[in-house]
Amino acid sequence: MKLNQNIDGQDNDYGSFVIGLSLAISSSIFIGSSFIIKKVALKRMNALGNIRASAGGYGYLKQWLWWLGLLTMGAGEAANLIAYGFAPAALVTPLGALSVLVAAVLSSKLLNEKLYFLGKLGCFLCLLGSVIFVMHSPKHDEVTSFAELSDKITNYTFVYYVITIILMSVIIKMVFVPRFGNTNVTVYLLICSAIGSLTVVCCKGVALAIKETINTNVNNISSYIFWLLLGSSIACIMIQMVYLNKAIDIFSTNVVTPVYYVMFTVLVIMSSGILFREWEHMSIEDILGCFVGFLILMIAVFLLNIVKETQYNSNNIVVH
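Residues numbered from 1 in each chain as written. Predicted model: local features only at pLDDT ≥ 70, side-chain atom pairs only at ≥ 80, totals over all residues. Heavy atoms only, no water.

### Some thoughts on the overall build of the protein
Here is step 1 of the chain: Of regular secondary structure, the protein possesses twelve helices and zero strands.
Here is step 2 of the chain: Listed N to C, the secondary structure of the protein is α-α-α-α-α-α-α-α-α-α-α-α in terms of helices and strands.
Here is step 3 of the chain: When the 320 residues of the protein are sorted by exposure, 50% land in the buried category.
Here is step 4 of the chain: Here the analysis covers contacts within the protein between residues at least 6 apart in sequence; of these, 83% occur between residues at least 24 apart.
Here is step 5 of the chain: With the model as given, the accessible surface of the protein reaches about 15600 Å², and the carbon-plus-sulfur share is 68%. (Helix = DSSP H or I, 4+ residues; strand = E, 2+ residues; numbered from the N terminus. Buried < 20%, exposed > 50% of the residue type's maximum accessible area, 1.4 Å probe, protein only. Contact = heavy atoms within 4.5 Å. Areas by Shrake-Rupley, 256 points an atom, 1.4 Å probe, with all protein chains shown as cover.)

### Considering a nonpolar patch on the surface
Here is step 1 of the chain: A contiguous nonpolar surface patch, about 630 Å² in accessible area, is contributed by Ile166, Val170, Ile171, Met174, Val175, Phe176 and Phe180.
Here is step 2 of the chain: Note that Val175 resides in helix α7 (residues 156–180).
Here is step 3 of the chain: The partly exposed category is assigned to Val175, whose relative accessible area is 36%. (Patch = residues over 30% accessible without salt bridge, like charges linked within 9 Å, V, L, I, M, F, W, Y side chains within 5 Å. Salt bridge = Lys/Arg side-chain N within 4 Å of Asp/Glu carboxyl O.)

### Some remarks on helix α4 (residues 97–110)
Here is step 1 of the chain: Over its 14 residues, α4 runs 20 Å from end to end, which matches the ideal 20 Å to within 8%, given 1.5 Å per residue.
Here is step 2 of the chain: Listed as buried for α4 are Ala97, Leu98, Ser99, Val100, Leu101, Val102, Ala103, Ala104 and Ser107. (Expected span 1.5 Å × (residues − 1).)

### Some words on the packing of aromatic side chains
Here is step 1 of the chain: Applying the stated criterion to the full structure yields six aromatic pairs.
Here is step 2 of the chain: Summarising the aromatic geometry, the rings of Tyr188 and Tyr243 are spaced 6.0 Å apart at their centres and angled 40 degrees between planes, so their arrangement reads as tilted. Within this pair, whereas Tyr188 is found in helix α8 (residues 185–215), its partner Tyr243 is found in helix α9 (residues 224–250), the two being separated by 55 residues in sequence. Pair check on accessibility: Tyr188 and Tyr243 agree, each one buried. (Phe/Tyr/Trp six-rings, centres within 6.5 Å; stacked < 30°, edge-to-face > 60°.)

### Looking at the layout of surface pockets
Here is step 1 of the chain: Taken as a whole, the largest pocket spans an internal volume of roughly 710 Å³.
Here is step 2 of the chain: Going through the elements one at a time, α1 (2–47), α2 (64–84), α4, α8, α9 and α10 (253–275) are the ones with two or more residues in the lining of the largest pocket.
Here is step 3 of the chain: When grouped by side-chain class, the residues that make up the lining of the largest pocket number 23 nonpolar, twelve polar and one charged. (1 Å grid on protein atoms, 1.4 Å probe; cavity = no way out; pocket = protein on both sides within 12 Å on 5 of 7 lines; lining within 4 Å. Points joined across faces, edges and corners; volume = space filled by probe spheres on them. Nonpolar A, V, L, I, M, F, W, Y, C, P; charged D, E, K, R; others polar.)

### Here we look at the environment of Ala300
Here is step 1 of the chain: Among the structural elements, Ala300 can be located in helix α11 (residues 284–309).
Here is step 2 of the chain: Given a relative accessible area of 0%, Ala300 falls into the buried group.
Here is step 3 of the chain: Residues Ala300 and Cys126 lie 174 residues apart in sequence; the distance between their C-alpha atoms is 5.6 Å.
Here is step 4 of the chain: In contact with Ala300, other than residues within four places in its own chain, are Gly122, Leu125 and Cys126.

### Here's the deal with the side chain of Ser233
Here is step 1 of the chain: Following the sequence through the fold, Ser233 ends up in helix α9.
Here is step 2 of the chain: Once you skip the residues sitting within four places of it in the chain, Ser233 turns out to touch Thr199, Cys202, Cys203 and Val206.

### Structural notes on the nonpolar core
One broad rule of soluble globular proteins: the nonpolar side chains tend to lie buried together.
Here is step 1 of the chain: Counting residues in each nonpolar core, the largest one holds 59 residues, and the members touching the most others are Leu189, Leu244 and Val256.
Here is step 2 of the chain: Among the elements of the structure, α1, α2, α3 (89–92), α6 (146–153), α7, α8, α9 and α10 are those that each provide at least two residues to this core.
Here is step 3 of the chain: By residue number, the principal contributor to this core is α8, which donates 16 residues.
Here is step 4 of the chain: Of all hydrophobic cores here, the second largest spans 15 residues; its members include Cys126, Phe133, Tyr261 and Leu303. (Core = buried A, V, L, I, M, F, W, Y, C linked by side-chain atoms within 4.5 Å.)

### Re the state of the cysteines
Here is step 1 of the chain: Inspection of every chain in the model, using the stated rule, returns zero disulfides.
Here is step 2 of the chain: Take Cys203: it sits in no disulfide, and the sulfur closest to it among the cysteines is that of Cys202, at 6.9 Å.
Here is step 3 of the chain: Its sulfur unpaired, Cys236 is 5.3 Å from the next cysteine sulfur, which belongs to Cys202. (Disulfide = S-S within 2.5 Å.)

### Remarks on the confidence of the model for the protein
Here is step 1 of the chain: In the predicted model, the protein carries a mean pLDDT of 76, and the fraction of residues at 70 or more is 79%.
Here is step 2 of the chain: A low-confidence stretch, residues 1–9 (pLDDT under 50), is modelled with zero contacts involving residues beyond four sequence positions or located in other chains.
Here is step 3 of the chain: Between residues 311–320, whose pLDDT stays under 50, and residues either more than four places distant or in other chains, the model counts nine contacts. (pLDDT = per-residue confidence, 0-100.)

### Considering the packing of α6 against α9
Here is step 1 of the chain: Between α6 and α9, the least distance of the axes is 11 Å, while the angle of their chain directions is 70 degrees. Considering their axes alone, α6 and α9 lie roughly perpendicular with respect to each other. Between α6 and α9 the crossing geometry is left-handed. Taking contact as the criterion, the partners of Phe146, Ser150 and Ile153 in α6 are, on α9, Ile225, Phe226 and Leu229. (Axes fitted to C-alpha atoms, helices over the stretch in contact; angles between N-to-C directions. Parallel < 35°, antiparallel > 145°, perpendicular 65-115°, else oblique. Left-handed = near helix turned anticlockwise from the far one by under 90°.)

### Thoughts on α9
Here is step 1 of the chain: Along its 27 residues, α9 runs 40 Å from first to last C-alpha, staying within 8% of the 39 Å computed at 1.5 Å per residue.
Here is step 2 of the chain: In this structure Ser223 caps α9, since a side-chain oxygen of it lies 3.2 Å from the backbone nitrogen of Ile225. (Polar contact = N/O pair within 3.5 Å; in protein donor to acceptor, adjacent residues only side chain to side chain.)

### Observations concerning the packing of α7 against α8
Packed helix pairs are specified by the crossing angle of their axes together with the interaxial distance, meaning the distance between the axes.
Here is step 1 of the chain: At a minimum axis distance of 9 Å, the contact between α7 and α8 shows a crossing angle of 160 degrees. Our classification of the angle between α7 and α8 gives roughly antiparallel. Considering only the axes of α7 and α8, their crossing is left-handed. Counting all contacts with α7, which are made through Phe158, Tyr161, Val162, Ile165, Ile166, Met168, Ser169, Ile172, Lys173, Phe176, Val177 and Phe180, the residues of α8 involved are Val187, Tyr188, Leu190, Ile191, Ala194, Ile195, Ser197, Leu198 and Val201.
Here is step 2 of the chain: Its residues placed into classes, the contact of α7 with α8 shows 18 nonpolar, two polar and one charged.

Laid out in structure tokens, this is it:
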């Protein structure tokens with residue numbers, strides 16, 4: 001009987017893993033596309049002489065294409081939210097590198113941002129790093145119930161992390177944004193990434209609560225913690241949207257996308273490790289495999305950044 005239960009449990013874990021993986025990949029495709037759609041909308045708005053988003057303008061709200069980009073991102077975020085209910089956050093978040101691949105390819109087609117040989121190499125490394133990471137990532141969640149998650153949220157270490165993130169974001173907003181916001185891409189993206197690490201935790205909690213409510217007799221929807229997490233998720237996503245709009249209005253998508261990915265992923269892995277402790281029961285080989293996979297992904301996304309910022313002889317390195 002125990003053997004059968006173990007086999008059933010492994011099958012359930014594998015099934016959840018496959019569903020979460022598929023949703024994470026779909027999410028990256030939608031989100032990567034949304035970057036480009038929004039960029040096209042912002043360029044149209046600027047061509048009409050409206051106040052730029054980076055200067056506080058909201059003319060992009062009149063652009064139907066921007067709303068299409070928002071809906072596309074919403075679809076991606078929804079897929080991402082559901083994915084957190086089936087797979088560990090430490091697996092779902094790094095697969096966002098695939099959005100870099102999608103954005104790079106679409107920007108070369110729709111925004112005339114040339115994708116050189118090293119950029120194509122970076123796209124290949126995105127795929128390679130993602131495969132390695134998936135092979136060695138945690139395959140099941142350490143937190144399996146909403147009640148268990150509710151207890152972990154009040155852990156003092158995680159509470160300190162949340163307070164630190166909020167204080168850091170306020171300081172960046174008050175001190176660094178007025179001075180360096182228009183010249184340094186990391187300023188806006190650091191706020192997006194910091195708040196985003198909290199978004200992932202909240203979305204993971206919401207997804208887990210909904211999944212458990214559907215599959216069991218436990219009604220998590222009536223819990224005040226569920227509504228607190230849902231409200232926090234919405235607020236964090238809105239903050240991310242505002243500062244991400246500012247970043248992609250000022251800087252190239254081939255710069256914003258990779259830098260945002262690396263900063264966001266690192267902070268999410270930190271918050272996930274503090275709250276969910278997904279790495280505690282992994283083997284040394286899998287931990288090293290995840291590290292190597294993520295290192296390849298970092299190299300890949302920064303290759304795209306370097307290629308965009310450095311002037312090359314197109315006759316020598318453009319692959320026709």
